[in-house]
Amino acid sequence: MEISILNIGIFLENKMKFFAKGATLFFLFLTIFSSQPFCNYSDNATEEISEKIEAPKKEKKSRAKKKRIEIQDENELPLPEEDSEIALFAIVKEHSEREEVLHWKEEFLKERRFKFMKNAVEDYPEYRIFVRKAVREQGLPAELEYLPVIESGYNTKAVSRSGAKGMWQFMANSVYPYLKLDEYTDERLDPWKSTVAGLSKLQDNYKMYGDWLLAIAAYNCGNGKMRAAIKKAGGETDFWKLAAGGYIPKQTADYIPELLAVAEICVCPQKFDVEILDFKEEFSAVQNEEDNYDFVTVKKPYMLSSIASEIQIEENALKKLNPSFTKGFTPPATESTLRLPKGMRENFEAALENVKELEFPFKYKVVKGDSLWAISRRYGVTVKLLCDTNGIKENALLKINQILYIPSLRN
């Protein structure tokens, strides 16, 4: 009997210690998760993110524990444009606390991904501002400004392993009816035209699904896979359930939370104690594309290098404004639009009379032993002209059966 009383005493003493510790942890929990503005400054933001209490995941295939980013008041996310009538960043505010989004916020605050993200949004301001303006003018979700970060890092020359090209990463089989792709032209490489095309495709997706998360996800995996996933899931149209159930590809399941994480960090860098340029002043000064450039129409093939020489601008500058002309000249037998620096239209129209038109006597198929120098000598053209006409470098290695266009200049 004495042993039983002793055991009971020890048991009660241990219980009192347990409840004392529990109370301490409870008040600590309340302190950490007290309500704060969504985008408040934090002197130790990066430390706070790494020190959050680990919480068990609720999904079936969850890991044991995972660090959580502090939950903030989602209604305090500042609007980049105070007078905007668009519900800016509503998607971010709705899903900011999701485990998947929290995970990718952590990932994009790590050195390698943060550097990639920062470079993407800061190194190409003219393209980012154009995208932002197009998104706002069309009343689309503001998060779409950051989709090119995920797609290409805002790199207009990006090429994926699967062959997708440009800032918006269109595949060759998905360009129609949005972009032109042929022997002479690849509008996927044009950041302005591909932006119009990308946003049009996203709007078409939204009309199909009536949900922006599904519309954006379908942009990544394709409408065929998205429709198949919804059908396989018994008609389920909640993106997060489709992702958790493994109905959509892993890349697509990560695509949405990656986008939302990047958008939140870039919109509220102070919340995460980082610095990212927003180009608000530059954006407010931009009117539209027509105010920044002149546009002219040509109906014959002209070397861009010859046009640049006649209107006295750098060849690379002209090519940067017209990246879709992959061969270095405007297409033959079809009408083409050239983008020029503002104020150059009259100069161009006068100079065009002095620019020689290209002719193509025939195409040449490369055989074993050929070189650019030998082919140029055979047909009496310079190596540079041969390379410019075919959009290749002078040190390029030729491939057997490769087609080269042999140019001549007509007065």
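Remember, predicted model here, so these are calculated numbers, not experimental data.

Cut-offs and rules
Residues numbered from 1 in each chain as written. Predicted model: local features only at pLDDT ≥ 70, side-chain atom pairs only at ≥ 80, totals over all residues. Heavy atoms only, no water. Helix = DSSP H or I, 4+ residues; strand = E, 2+ residues; numbered from the N terminus. Buried < 20%, exposed > 50% of the residue type's maximum accessible area, 1.4 Å probe, protein only. Contact = heavy atoms within 4.5 Å. Areas by Shrake-Rupley, 256 points an atom, 1.4 Å probe, with all protein chains shown as cover. Phe/Tyr/Trp six-rings, centres within 6.5 Å; stacked < 30°, edge-to-face > 60°. Polar contact = N/O pair within 3.5 Å; in protein donor to acceptor, adjacent residues only side chain to side chain. Salt bridge = Lys/Arg side-chain N within 4 Å of Asp/Glu carboxyl O. Arc of directions from axis to C-beta. Core = buried A, V, L, I, M, F, W, Y, C linked by side-chain atoms within 4.5 Å. Axes fitted to C-alpha atoms, helices over the stretch in contact; angles between N-to-C directions. Parallel < 35°, antiparallel > 145°, perpendicular 65-115°, else oblique. pLDDT = per-residue confidence, 0-100.

Turning to the overall build of the protein chain, a few remarks are in order. For the protein chain, the helix and strand inventory stands at 19 helices and six strands. Residues counted as buried form 45% of the 411 residues belonging to the protein chain. Summarising the internal contacts of the protein chain: among those between residues at least 6 apart in sequence, 65% fall at separations of at least 24. Here the protein chain displays about 23000 Å² of accessible surface, and carbon together with sulfur accounts for 51% of that area.

Now for the packing of aromatic side chains. Within the structure shown, the criterion is met by 13 aromatic pairs. Ring centres of Tyr-127 and Trp-192 lie 5.7 Å apart, and the angle between their planes is 85 degrees; on these two criteria the pair is classed as edge-to-face. Here Tyr-127 is found in helix α6 (residues 125-137), whereas its partner Trp-192 is found in helix α8 (residues 191-209), with 65 residues between them in sequence. By the burial criterion, Tyr-127 is buried, and Trp-192 matches it.

In this chain, Tyr-176 is followed by Pro-177 through a cis amide linkage whose omega measures 5 degrees. Here the phi dihedral of Gln-312 falls at roughly 60 degrees; this positive angle occurs in a residue that is not glycine. The class for Gln-312 is exposed, based on a relative accessible area of 72%. The phi angle at Asn-401 is positive, at roughly 75 degrees, despite the residue not being glycine. Along the chain, Asn-401 turns up in the loop between α19 (383-390) and β6 (403-410).

Bringing the side chain of Asp-190 into the picture now. One can find Asp-190 in the loop between α7 (147-152) and α8. The exposure class of Asp-190 is buried, given its relative accessible area of 2%. Engagement of the side chain of Asp-190 in a polar contact is seen with the backbone nitrogen of Lys-193, the distance being 3.0 Å. Beyond its immediate stretch of four places on either side in the chain, Asp-190 contacts Pro-323, Ser-324 and Arg-339.

Turning our attention to the pattern of salt bridges. By the definition in use, this model includes 22 salt bridges. The partner of Glu-145 in a salt bridge is Arg-132, with the nearest N and O atoms 3.0 Å apart. Taken together, the residues span a long stretch of sequence, with Glu-145 in the loop between α6 and α7 and Arg-132 in helix α6 at a distance of 13 residues. Per residue, the accessibility class of Glu-145 equals that of Arg-132, and both read buried.

The subject of this paragraph is helix α10 (residues 223-232). Of all the residues in α10, the buried ones are Asn-223, Met-226, Ala-229 and Ile-230. The arc that holds the buried residues of α10, viewed along the axis, is 125 degrees, so those residues lie on one side. Exposed and oriented more than 90 degrees from the buried face of α10 are Lys-225, Lys-231 and Lys-232.

What follows concerns helix α18 (residues 372-379). Taken together, the buried positions of α18 are occupied by Leu-372, Ile-375 and Ser-376. The buried residues of α18 occupy an angular sector of 100 degrees when the element is viewed end-on, so they sit on one face. Backbone geometry just downstream of α18 places Gly-380 in the positive-phi region, at approximately 70 degrees.

Mapped onto the secondary structure, Lys-105 falls in helix α4 (residues 99-108). When the C-alpha atoms of Lys-105 and Leu-259 are compared, they prove to be 9.7 Å apart, with 154 residues separating the residues in sequence. Looking at Lys-105, its side chain comes within polar contact range of the side chain of Ser-96, at 3.0 Å.

This part is about the nonpolar core. Counting 68 residues, the largest nonpolar core has Tyr-146 and Met-226 as its most contacted members. Take this core: its biggest share by element is 11 residues, from helix α12 (residues 250-267). Ignoring any residue separated from it by four or fewer positions in sequence, one finds Tyr-146 in contact with Phe-89, Val-121, Arg-128, Leu-259, Val-262, Ala-263, Cys-266 and Val-267.

The next point concerns the environment of Asn-354. Within the secondary structure, Asn-354 is located in the loop between α17 (345-351) and β5 (357-365). Residue classification places Asn-354 among the exposed positions, given a relative accessible area of 53%.

Time to look at the packing of α4 against helix α5 (residues 111-123). Contact pair α4 / α5: the axes reach a minimum separation of 6 Å and the direction vectors enclose 85 degrees. Taken together, the axis directions place α4 and α5 in an arrangement best described as roughly perpendicular. Taking contact as the criterion, the partners of Trp-104, Glu-107 and Phe-108 in α4 are, on α5, Arg-113, Phe-114 and Met-117.

This paragraph deals with the confidence of the model for the protein chain. This prediction gives the protein chain a mean pLDDT of 82; 76% of its residues lie at or above 70. This stretch, residues 1-12, has a pLDDT under 50; its non-local contacts, to residues over four places away or in other chains, come to zero contacts. Here residues 51-87 is a poorly scored stretch, pLDDT under 50, and it has 80 contacts once near neighbours within four places are set aside; other chains count.

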